[in-house]
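Chain residues, written in single-letter form:
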Amino acid sequence: MYLDRVKNKMNPPDSVKIFDTTLRDGEQTPGVALTVDEKIRIAKKLNSLGINVIEAGFPAASEGERESTRKILELGLDANICGLARVLISDLDSAIDCGVDYIHTFIGTSPLHRKFKLKMNKEEILTKSVDAIDYIKDHGIKAEFSAEDASRTEFNYLKEIYRAVENAGADVINVPDTVGVMIPSSMKWLIAELKKEIKIPISVHCHDDFGLAVANSLMAVEAGAQQVHATINGLGERAGNAALEEVVMALTVEYGIETSIKTKLLVNTSEFISRITGVKMPPNKAIVGENAFAHEAGIHVHGVLEKAETYEPITPEMVGHTRRIVLGKHTGAKALKSKLDDYGIEMNEKQFCDVFDQVKNLGDKGKMVTDADLKAIAESILGKAKDEIVKLEGFAVMTGENVMPTATVKLKINDQVKTSSKTGVGPVDAAINAIQDVLSETEDIELLEYNIEAITGGTNALAEVFVVMGDKNGNKATGRSTREDIVMSSVEAVLDAINKILILR
Ligand code: KIV
Ligand code: ZN
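Numbering of residues begins from 1 in every chain and follows the order in which that chain's sequence is written. Chains and ligands are labelled by the order in which they are written, letters from A for the one and numbers from 1 for the other. This being a predicted model, a pLDDT of at least 70 is required before a residue's local features are given, and a value of 80 or more before pairs of side-chain atoms are given or counted; all residues contribute to the totals for chains, interfaces and linings. By convention in this description, side-chain values take in all heavy atoms of the structure and omit both hydrogens and water.

1. Comments concerning the overall build of the chain
Basically, it comes down to this: Secondary structure counts use DSSP, requiring at least four H or I residues in a row for a helix and at least two E residues in a row for a strand, with both numbered from the N terminus. Note on classification: 1.4 Å probe, protein chains only; a residue is buried when its accessible area is under 20% of the maximum for its type, exposed when over 50%, partly exposed between these limits. It only takes one pair of heavy atoms within 4.5 Å for two residues to be counted as in contact. With residues, only the protein chains shown are counted as cover, and all accessible areas are computed by Shrake-Rupley using a 1.4 Å probe. Neither His nor the chain ends contribute to the count of charged residues, in which Lys and Arg are positive and Asp and Glu negative. For the purpose of locating charges, the reference atoms are NZ of Lys, CZ of Arg, CG of Asp and CD of Glu.
A tally of regular secondary structure across the chain gives 17 helices and 16 strands. Each of the three principal axes of the chain carries a C-alpha extent, and together these read 100 × 50 × 40 Å. A total of 505 residues make up the chain; the buried ones form 51% of that total. In the chain, the proportion of contacts linking residues at least 24 apart, taken out of those at least 6 apart, comes to 65%. Accessible surface for the chain amounts to roughly 23,100 Å². Of this, 50% is attributable to carbon and sulfur atoms. Each charge class in the chain was averaged separately, 59 positive and 76 negative side chains, and the resulting centres sit 2 Å apart.

Structure below.
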């Protein structure tokens, strides 16, 4: 909406090329190392996603890099397959020998890189860069040139070196914000100024040290950059590179700029990369995170159920995601009703209120109620005895090291309150013994079967207890309860079964 107000201050292209560096900069993510086979699988996935240029690796770095680059080339993918190389003939040869159709060559240009890393002056760097472009072009290969640490390079020298490589025949110049020091306004200024000097396409390569890689990439495009370097899930050296899925969706939706990316495959690709690299995405990761289209607050859920756009900027389907209604402490009745409807669970008002209370209760204890939790809660409430002849009035249990587990129950049976304390091998056993003791004067109901299951993982998982009880007349009944406390679940399940038997009689 407000974009219209600033459109006249932008100079974006109609379409932007996506240069994916997941296999190169992404592999520089601390802790990530990919096998040749994994690199091949990733390249295929990136190609299906519609990437324009896949940076397959840094062939001069190792035999493994050369092998994977060669094997990726053998796949005959639609994307350009690029190899990274320093402006050294030996590096360029390594890439050329692999058969690449695109070389991304680079050299540090900032005072820091000149003095401490390369120990070279400006002229030497410029000459080596031009020689490298000449060499690549002599081999009939597409050449992209990066002035490494461009964002900390003197502007006049940066212009000079980019002009020189353009004159030498470079096809693309790339502007790396190597240590992520740009802010959106400075990036916009830099690219706009370079546009005045350079006729070939300009590309950007932003790192996320200040969390600005995506914003800086977009600003570069606003100023006229025609290509963006990015990685799936924002993988990359240190804090990573610009996240491809975020750049692409912002370009597509916010700017209306075309890319070749099949956006419906973004979530699937992100999950694949996460699995293969072992780098998990935070749930709140934009576009692809588990919570990107999850709604919890009652007000939001109400809005989304009426019209999804109220609380969603794009549909989840656009990126291959799914909308999720999450139950927790902010859940409203509408959200719960819609969830139960989704599962075809019908219940009366009293049962609905019981489920609602249990969900809220769990939420207040800081627990998120998963779909599996909800189904178990609903099932146990739906399966509850219609009447309570035996009611739990109070319960306490004591257990620990060198302490005999002891439980005390207070039950109301037909308006009479009775109490018993019993020990057992554990707190559950003690509790069941105490219940049976209270009932033993009048009843003969025995526990025939006891099963317990954790619904979801974790120490605060809901425990579902299922019991079968029977009396001497052959009456049998099941009891079920779902709670986060195993002992309480057991007590409730046992009482549920007892009530069913008493009603049967
Ligand atoms: O961040 C960087 O500067 C790089 C270069 C190799 C372009 O990754
Ligand atoms: Zn980088």
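From this point on, the discussion continues.
2. As for the site of ligand 1
Heads up, the condition is: Residues are classed as near a molecule or strand on a simple rule: at least one heavy atom within 4 Å of it. The term polar contact refers here to a pair of N or O atoms within 3.5 Å; inside protein, the definition further demands a hydrogen-donor-capable atom paired with an acceptor-capable atom, and it admits residues adjacent in sequence only when both atoms are side-chain atoms. Classification used: nonpolar for Ala, Val, Leu, Ile, Met, Phe, Trp, Tyr, Cys and Pro, charged for Asp, Glu, Lys and Arg, polar for all others including Gly.
In the region of ligand 1, the neighbouring residues are Arg-24, Asp-25, His-104, Phe-106, Ser-146, Glu-148, Pro-176, Thr-178, His-205 and His-207. Arg-24 is positioned such that a nitrogen or oxygen atom in its side chain is 3.0 Å from an oxygen atom of ligand 1. Residue Asp-25 places a side-chain N or O atom 3.1 Å away from an oxygen atom belonging to ligand 1. For ligand 1, whose unbound accessible area comes to 260 Å², protein coverage reaches 94%. When residues of the shell around ligand 1 are traced back to their parent elements, those giving at least two are strand E4 (102-108) and strand E5 (142-148). The class makeup of the residues in the shell around ligand 1 is two nonpolar, five polar and three charged.

3. So, the domain arrangement of the chain
Size of an interface, as often reported, equals the accessible area lost when the parts are brought together. Defined as follows: Throughout, the edges of the domains are those of an automatic or database domain assignment. Buried area, as used here, totals the accessible surface that two parts lose on assembly, with accessibility defined by a 1.4 Å probe and the loss added over both.
According to the domain assignment, the chain contains domain 1 (20-277), domain 2 (294-382) and domain 3 (390-504). Placing the centre of domain 1 and that of domain 2 at their C-alpha centroids yields a distance of 43 Å. Taken together, the contact pairs six residues of domain 1 with six residues of domain 2. Interface area, domain 1 with domain 2, both sides summed: about 550 Å², of which 68% is carbon and sulfur. Among the residues domain 1 hides against domain 2, the three largest losses belong to Met-249, Lys-264 and Val-267. Together they make up 66% of the total.

4. Quick notes on the coordination of the zinc ion (ligand 2)
Note the following rule: Sites may look incomplete, because water is not among the atoms used; the donor set itself consists of N, O and S atoms within 2.8 Å of the metal (3.2 Å for Na, K and Ca).
Donor atoms from the polypeptide that coordinate the zinc ion (ligand 2) comprise Asp-25 (OD), His-205 (NE2) and His-207 (NE2), at 2.0 to 2.1 Å from the metal. If you list the donors of the zinc ion (ligand 2) from N- to C-terminus, the spacing comes out as D-x179-H-x1-H. Note on accessibility: His-205 and His-207 belong to one class, buried.

5. A few points about the environment of Ile-202
Tracing the chain through its elements places Ile-202 in strand E7 (residues 202-206). Given the relative accessible area of 0%, Ile-202 is considered buried. For the pair Ile-202 and Glu-144, spaced 58 residues apart in the sequence, the C-alpha separation amounts to 9.5 Å. Setting aside chain neighbours within four positions, we find Ile-202 in contact with Ile-173, Val-175, Ile-191, Leu-194, Lys-195, Ala-225, Gln-226 and Gln-227.

6. As for the sheet that holds strand E6 (residues 172-177)
Here is the rule we go by: A pair of strands is labelled paired if DSSP reports no fewer than 2 bridges between them. Interaxial angles span 0 to 180 degrees and are taken between N-to-C directions of axes, which are lines fitted to C-alpha atoms, for helices over the stretch in contact.
In space, the eight strands of this closed barrel follow the order E1-E2-E3-E4-E5-E6-E7-E8, with parallel pairing throughout. For this sheet, the mean inter-axis angle between neighbouring strands, taken without regard to orientation, is 25°. Where E5 and E6 come together, three bridges link them in parallel fashion. Across the sheet, residue Ser-146 finds its bridge partner in E6, namely Asn-174. In the packing of helix H2 (residues 36-49) onto the sheet, the strands contacted are strand E1 (17-20) and strand E2 (53-57), and the crossing angle to E2 comes to about 175°. Here helix H9 (residues 213-222) sits on the sheet and contacts E6, E7 and strand E8 (227-230); the angle it forms with E7, its principal contact strand, is near 170°.

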